[in-house]
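# Examining the three-dimensional arrangement
Residues per chain are reported as follows:
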Amino acid sequence: MKFSSAWGTRDVLDTTLVRPGLVAEISADTSVDRGGVYRHPIRYVRLRLDASVEDVARFGEGPAAAAG
């Protein structure tokens, strides 16, 4: 996985995969620039203490992934 540190920069951030323990709600935009980089950062909204990790589909699975 490669992530850039800011729009228009070539700096690459290190990635550390973790085992999920909490569910967080985020706000995300799917706008992508010509270079294939997401234009806007993901924003943290809140912890979802009413949901467990088992309640959330894995990335790329579930109805939201099928809808695109």
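In this text the structure is predicted, and so the values were computed from the model without any measurement. (Residues numbered from 1 in each chain as written. Predicted model: local features only at pLDDT ≥ 70, side-chain atom pairs only at ≥ 80, totals over all residues. Heavy atoms only, no water.)

## Topic: the environment of serine 27
Worth spelling out the cut-off: For helices the rule is a DSSP run of H or I covering at least 4 residues; for strands it is a run of E covering at least 2, with both sets numbered from the N terminus onward. For every residue, the accessible area (1.4 Å probe, protein chains only) is compared with the maximum for its type, and the residue is labelled buried under 20%, exposed over 50%, or partly exposed between those bounds. We call two residues in contact when some of their heavy atoms are within 4.5 Å.
Among the secondary structure elements, serine 27 is positioned in strand β3 (residues 24-27). With a relative accessible area of 37%, serine 27 lands in the partly exposed category. A C-alpha to C-alpha distance of 6.6 Å links serine 27 and valine 45, two positions 18 residues apart in sequence. Discounting residues that sit within four places of it in the chain, serine 27 has contacts with Pro41, Ile42, Arg43 and Val45.

## Details of the confidence of the model for the protein chain
The following threshold applies: Per-residue confidence from the predictor is given as pLDDT, running between 0 and 100.
Here the protein chain averages 78 in pLDDT, and 78% of its residues register 70 or above. Highest mean pLDDT in the protein chain belongs to strand β4 (residues 43-47) (93); lowest belongs to helix α1 (residues 63-67) (57).

## Focus on the pattern of salt bridges
Note the threshold: A carboxyl oxygen of Asp or Glu within 4 Å of a side-chain nitrogen of Lys or Arg is what we treat as a salt bridge.
Taken as a whole and assessed by the stated rule, the structure comprises three salt bridges. With a closest N to O distance of 3.7 Å, arginine 48 and glutamate 25 form a salt bridge. Of this pair, arginine 48 sits in the loop between β4 and α1 while glutamate 25 is found in strand β3, placing the two residues 23 residues apart along the sequence. We classify glutamate 25 as partly exposed; its relative accessible area is 27%. Arginine 48 is the salt-bridge partner of aspartate 50, the closest N and O atoms lying 2.8 Å from each other. One network of salt bridges, in which partners are shared, links Glu25, Arg46, Arg48 and Asp50.

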